[in-house]
Amino acid sequence: MCSSDLIRIEVGRVKGARFIEQEIVGPLLDYGDFRNQMIGLAKSSSDSDVKSVLRKFAEKAFRGQGLDVTYLEGLMSIYKKQAISKPKHNLRGIHNYLVEPLAIILSSPSFLYIKEKGSEKTGKLTQNEYAIRLANFLWSAPPDDELYNLAKAGKLDDSKIRKQQMQRMLRSDKAKSSQSSFINQWLGMNRYDETDIPEYKLKSDFRVSARQEPAEYFKYMIQNNRPVDRKSTRL
């Protein structure tokens, strides 16, 4: 443990108990840029700062597929109306004003659906569109910053880099979660809960482990690149 991993907090007296210090051992959780931006509004809550937060949040939510200027201005208009009607000059108040604009972003078709610019006709995907498809296929989630940056740099046309990214993505926890979800849907494991099992096994972890086994086996096959016919025979 290095010195940067240690945070000392003087607490004081609480109901007869005196806490001298509290130690938190890292690594500390990284809550991402958006949380840091929201906290930063406590120091500066000018319209330009709020607009920056909304723009970055929307761009991330819309998977980097573009953000119309008039859309962003509309969000700012809603924010300002909230601030005028419910004036409260503190961080909690600013966050409350942002609830409606953020809700509008999360209910937008651009967030709920994956829309590609050339979806009306057959053609080559853009680098960003390819990154989105790849992430949703392997992770059931949007691309991370590394994949976005490679797409922005136009490097996903390189087969070697694509292979490296696929291997990296398959090793991540996101892939494991996606694989479990896929196999459970494919096998219809929701019906397993309706199956009668011996009463004595209900008191153990039998149901949980039996349901988990196909998912763990499927993940093993994917992680170790095993033949598909072996997977199908075993399952």
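Bear in mind the structure is a predicted one, so any value in this text is a computation, not a measurement. (Residues numbered from 1 in each chain as written. Predicted model: local features only at pLDDT ≥ 70, side-chain atom pairs only at ≥ 80, totals over all residues. Heavy atoms only, no water.)

(A) How the structure looks around the confidence of the model for the protein chain. Across the protein chain, pLDDT averages 78, with 77% of residues at or above 70. Within the protein chain, the lowest mean pLDDT, 42, falls on strand S1 (residues 6-9), and the highest, 93, falls on helix H7 (residues 145-152). Counting contacts from residues 1-14, a segment whose pLDDT is below 50, to residues more than four positions away or on other chains yields 26 contacts. (pLDDT = per-residue confidence, 0-100. Helix = DSSP H or I, 4+ residues; strand = E, 2+ residues; numbered from the N terminus. Contact = heavy atoms within 4.5 Å.)

(B) Molecular detail of the packing of helix H6 (residues 127-138) against H7. At a minimum axis distance of 8 Å, the contact between H6 and H7 shows a crossing angle of 150°. One way to sum up the angle between H6 and H7 is to call them roughly antiparallel. Of the two possible hands of crossing, H6 and H7 adopt the one that is right-handed. Taken together, the residues of H7 that come into contact with H6 (itself represented by Gln127, Asn128, Ala131, Leu134 and Ala135) are Leu147, Tyr148, Leu150 and Ala151. Here the contact of H6 with H7 is composed, by residue class, of 7 nonpolar, 2 polar and no charged. (Axes fitted to C-alpha atoms, helices over the stretch in contact; angles between N-to-C directions. Parallel < 35°, antiparallel > 145°, perpendicular 65-115°, else oblique. Left-handed = near helix turned anticlockwise from the far one by under 90°. Nonpolar A, V, L, I, M, F, W, Y, C, P; charged D, E, K, R; others polar.)

(C) Geometry of the side chain of asparagine 128. Examined against the element boundaries, asparagine 128 turns out to sit in helix H6. By relative accessible area, which is 17% here, asparagine 128 ends up buried. Looking at asparagine 128, its side chain comes within polar contact range of the side chain of glutamine 65, at 2.8 Å. Once you skip the residues sitting within four places of it in the chain, asparagine 128 turns out to touch Arg63, Gly64, Gln65, Tyr148 and Ala151. (Buried < 20%, exposed > 50% of the residue type's maximum accessible area, 1.4 Å probe, protein only. Polar contact = N/O pair within 3.5 Å; in protein donor to acceptor, adjacent residues only side chain to side chain.)

(D) Just helix H3 (residues 69-85), in detail. Helix length check: H3, at 17 residues, gives a terminal C-alpha distance of 25 Å against a target of 24 Å (1.5 Å per residue), a fit within 8%. Those residues of H3 that fall on the buried side of the exposure criterion are Leu72, Leu75, Met76, Tyr79 and Gln82. Mapping the buried residues of H3 onto a view down its axis gives an arc of 120°, with all of them on the same face. Looking at H3, the residues exposed on the side facing more than 90 degrees away from the buried face are Thr70, Lys81, Ile84 and Ser85. (Expected span 1.5 Å × (residues − 1). Arc of directions from axis to C-beta.)

(E) Structural detail: the nonpolar core. Within the largest apolar cluster, 18 residues are counted, with the highest numbers of intra-cluster contacts made by Leu41, Val50, Leu54, Tyr79, Leu98, Leu102 and Ile105. Elements supplying a minimum of two residues to this core: helix H2 (47-61), H3 and helix H4 (91-106). Among the elements that make up this core, the one with the highest residue count is H2 (6 residues). Once residues lying within four places of it in the same chain are set aside, the contact partners of leucine 98 are Met38, Leu41, Val50, Leu54 and Tyr79. Counting residues in hydrophobic clusters, the runner-up holds 13 residues, among them Ala135, Leu147, Ile161 and Met169. (Core = buried A, V, L, I, M, F, W, Y, C linked by side-chain atoms within 4.5 Å.)

(F) A look at the side chain of aspartate 144. Looking at where aspartate 144 falls in the secondary structure, it is placed in the loop between H6 and H7. Polar contacts involving the side chain of aspartate 144 include one to the side chain of arginine 168, which spans 2.9 Å. Once residues within four sequence positions are removed from consideration, aspartate 144 is found in contact with Trp139, Arg168 and Lys174.

(G) Broad picture of the packing of helix H8 (residues 159-171) against helix H9 (residues 173-186). For the pair H8 and H9, interaxial distance at closest approach is 4 Å and the crossing angle is 70°. Relative to H9, the element H8 lies roughly perpendicular. Two secondary-structure elements touch here, H8 through Met169, Leu170 and Arg171 and H9 through Asp173, Ala175, Lys176 and Gln179. Looking at side-chain class alone, the contact of H8 with H9 contains 3 nonpolar, 1 polar and 3 charged residues.

(H) Spatial organisation of the pattern of salt bridges. According to the stated counting rule, one finds 9 salt bridges in the structure shown. In this structure, aspartate 47 engages lysine 80 in a salt bridge whose closest nitrogen and oxygen atoms are separated by 3.8 Å. Highlighted residues: aspartate 47 in helix H2 and lysine 80 in helix H3, separated in sequence by 33 residues. Within the structure, one salt-bridge network assembled from shared partners comprises Asp144, Glu146 and Arg168. (Salt bridge = Lys/Arg side-chain N within 4 Å of Asp/Glu carboxyl O.)

(I) Highlighting the packing of aromatic side chains. Counted under the stated rule, the structure contains 4 aromatic pairs. Aromatic pair tyrosine 79 and tyrosine 97: ring centres 6.0 Å apart, planes at 70°, arrangement edge-to-face. Here tyrosine 79, found in helix H3, pairs with tyrosine 97, found in helix H4; they are 18 residues apart in sequence, far enough to count as distant. Taken individually, tyrosine 79 and tyrosine 97 each receive the classification buried, so the pair is uniform in this respect. Through a chain of ring-to-ring contacts, three or more aromatic side chains come together here, namely Phe182, Trp186 and Phe218. (Phe/Tyr/Trp six-rings, centres within 6.5 Å; stacked < 30°, edge-to-face > 60°.)

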